[in-house]
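# Coordinate inspection notes
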Amino acid sequence: MEPVDARYPFLGRAREAVRASGVDLTTLVATADPVVDRARERVERALLDGTTESETPHDWDTREELLSYPVARILVSLLDADAAVEKYATAEAQTAHTRFTSDFVSSDGRRDRIDRQTLLAEFDLAADCRAEPARPTGDSTSSRAGRGTASTRRGSDWFWLGVGSYLSLADPTWGTEWRLVNRELADGEVRVTREELDKLLEAGVRARVAAGLPFEGVDDAVAAELEREVSDLRELLAERTGTTEVDTLAPELFPPCLRGLLDRVRQEESISPQARFALLAFLAAIGLDQQEVLMLSHGELTVDTVDKTLEVLRDGDGTQYPPPSCRTLEAYGVCENTDDHRSVAGHPLDYYEKKLRRADDVTDWRERETT
Amino acid sequence: MERRTREYLTGRFGDYYRGAAVTPPPAASDREWGHIPFTSGEGTTMVRHQSLLDIAGGPADLPDFLAREGPRHVYFSAARYDDPGSRSMAEKGWQSADLIFDLDADHLPSVDPETASYPEMLAACKEALVDLLDLLQRDFGFGDEEMQIVFSGSRGYHVHVRDESVRTLDSDARREIVDYVRGIGLAEDGLIESRPNENGVLQKHLRLDGGWGRRVHEELLSYADELREMSQPAALERLQELDGVGETTADSIHDTVTDDLEQLRRGNLEIGSGARTLVRALTERVVDDQSVPVDEPVTTDLRRLIRLPGSLHGDTGFVVEPIELDAVAEFDPLEDAVAERFRGRRVMIDVTDPGPVPVGGDGRDDSFRFSEGTQSVREFVGVYLLARGRAEKAAE
């Protein structure tokens, strides 16, 4: 285990170091090793702050830092939510970016640093990327004649990257300047600045970290040991859920708190304005329009209230305001964690998504025959 | 299509495959196969979700299968799968897909399908193919060996790119390639960057090392050459034909192309007030001339079925003819895509929809017409008319 493995735990060599160490993650978790605390911090900071850097870096040694990465992956897998994977991978990648961009320009010879060539090789880009030979200032005639090898430390300002690799890593939503149509493309290579190449490497790290997450088949004993950590993290995640892609309507799969609310509405019981808002926000988030809300509530949610609320909730492609989490609903007196449903997910949308995913053959409520 | 016609075409298509060397694509066993038989009704039923093992036992037996079935159309998937014969896409297990470009006369802005004749459409399509190949070779760096160019057998061309670097790209990445080829989303800023001059001062320069910037720069230099060869009044008049160029700007540009040619060669745009205007006007022209209206859904679909090169197109009887890169300029689909097998004899057909026919004539214009009724024609003309539904097979 080298310090560089701890700083870049997603590298092949770090994975190898974990394997070679012979450490058994099950034992580690069972013995409440400090590694678990650091792993929880990794994921917690990813969810809250967009980084996985420790707030107290001097508290952790190389071993704890390195081993916390595979344990963090287990935690993210147990969270079993797309948002968790997304945030965690992005945070690991941003942390790596901060580290490697500093490493690339440093010349202090510290052994825990990495050079650009090593990182390029890690993502199979070494043969697909070359530094552009420096051109004399003022001369902007074609520089493509000269072929150099990728310089690894400072050196060139420009690089040429294979178009396949460029397209695999670049995201056109980063801005028009990332669109292929706006790039210099010649002989199958795309010209990028040093900073752009570093951003592409960050995207490579992100994809590497996200690959295979969440993985299935976490050992039951390990899952049981990590229950408290996972439950805490799930609460954090719940506060941060955005819109959803769900478009199937199956009221029986709603979380018990909202199902209860819907039943009360249908039975003409009056509910608090907060409760009505929570219910409508949830229904809007899963894509119901005004007419469908009226049908579902047996006409008890009146056109007026529904219209106004939906108007506030909607934006172009979904809902502007995600519905409140179960924790918030508890404050409204709506959610009492009936049937311990928060152990499935701490947010009504996550709960519903999971239930839908696990259910076989759900017929959309709108397509069910009326009886 | 009457039974006699159907049986005749099935039989003769089978005969074609008996004599033709149809080469299966690379990794043929990893692809999904599909075909459409000649059937009686109006509708067509595609038999798909088949592996090569399902239909023929393996790549070597493909010719036997085609000879036996005489299918109207034959397709294979651009994608390679773990289990290509599985019926659901999820179970197929997608591995990779060739990058496919489809040029169809229907999508060319220069062609009006209502008025253009078939030969005119094909000619326009080949011009677009030449532009596409230029982009694929010079910009994308695809070589002869990584591309298969094919006449579609009807109204266009296909290019199959099998370069490993692009085979695993997802749909969004392929859309980026389509937009590049079509010049969609090109921003002026994408063509220009700031570079320091000898004094370290940043200057706006055309990005001339590749991409659309390089193409605009090439046009700029050749346009400048043309202007310099003209008399000054003629050059000024020519300049004012450009969008956004009035008398003053024309003067300024003319000075630039005559006095600052070296700076122009370097792509420096801070030479006189007209340089940016000129670049803007020429960009539009370059994109109009050199972008290619490939059919987007074909390129971005990772599971598309595409016609088998060397097979027959069942709506024309033409061969889906592979074309070598250096033979594209010479290729004449109405001559070169006629199956040799259908050249030797004459057949009796009953023409039901008379009119001009694009094959078999001399000048291939409207002068080659058929009138209604039973007559003897050269076989490939007969196959064309039968396949188009403009005639039925008559007794020999």
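On a predicted model such as this, the values are computed, not experimentally measured, just so you know. (Residues numbered from 1 in each chain as written. Chains lettered and ligands numbered in written order. Predicted model: local features only at pLDDT ≥ 70, side-chain atom pairs only at ≥ 80, totals over all residues. Heavy atoms only, no water.)

Residues and elements named next belong to chain B. What the 4 strands build is an open sheet, ordered S2-S1-S3-S11; its pairing is antiparallel. Edge positions in the sheet fall to strand S2 (47-50) and strand S11 (305-307), since each of these pairs with one other strand and no more. On average, each strand axis in the sheet is inclined to that of its neighbour by 25 degrees, with strand direction left out of account. Judged from the 2 bridges that link them, strand S1 (residues 33-36) and S2 form a sheet pairing that is antiparallel. Directly across from His 35, in S2, lies its bridge partner Val 47. (Pairing = 2+ DSSP bridges. Helix = DSSP H or I, 4+ residues; strand = E, 2+ residues; numbered from the N terminus. Axes fitted to C-alpha atoms, helices over the stretch in contact; angles between N-to-C directions.)

Cis peptide bonds are those with omega within 30 degrees of zero, and the linkage from Leu213(A) to Pro214(A) qualifies with -10 degrees. With respect to the helices and strands, the residue Pro214(A) is situated in the loop between helix H9 (194-210) and helix H10 (220-225). For Glu268(A), which is not a glycine, the phi torsion comes out positive at approximately 65 degrees. Among the residues examined, Glu268(A) registers a relative accessible area of 62% and is labelled exposed. Backbone geometry at Ala27(B) places phi at a positive 55 degrees, although glycine is not the residue there. Topologically, Ala27(B) is positioned in the loop between helix H1 (3-19) and S1. (Buried < 20%, exposed > 50% of the residue type's maximum accessible area, 1.4 Å probe, protein only.)

Right, let's get into the side chain of Thr299(B). Counting through the fold element by element, Thr299(B) comes out in helix H14 (residues 296-300). Those residues in contact with Thr299(B) that sit more than four places away from it in its chain are Leu99(B), Ile100(B), Phe101(B), Arg174(B) and Val178(B). (Contact = heavy atoms within 4.5 Å.)

Let us look at the pairing of strand S6 (residues 99-104) of chain B. All names here are of chain B. Most of S6 is tucked away, with 6 of its 6 residues classed as buried. Every second residue of S6 is oriented toward a common face, with Leu 99, Phe 101 and Leu 103 on one face and Ile 100, Asp 102 and Asp 104 on the other, all of them buried. Summarising the sheet, S6 and strand S8 (residues 156-161) pair through 6 bridges and their orientation is antiparallel. Pairing of Ile 100 across the sheet is with His 160, part of S8.

Moving on, we come to the interface of chain B and chain A. At the interface, 32 residues of chain B touch 29 residues of chain A. When residues of chain B are sorted by the area they lose upon contact with chain A, Glu176(B), Arg207(B) and Asp209(B) head the list and together hold 27% of the total. Joining chain B to chain A, the criterion identifies 5 salt bridges. Between Glu184(A) and Arg207(B) there is a salt bridge, and its shortest N-O distance comes to 3.9 Å. Counting every contact that joins chain B to chain A gives 14 residue pairs in polar contact (both at pLDDT 80 or more). (Buried area = accessible area lost by both parts, 1.4 Å probe. Salt bridge = Lys/Arg side-chain N within 4 Å of Asp/Glu carboxyl O. Polar contact = N/O pair within 3.5 Å; in protein donor to acceptor, adjacent residues only side chain to side chain.)

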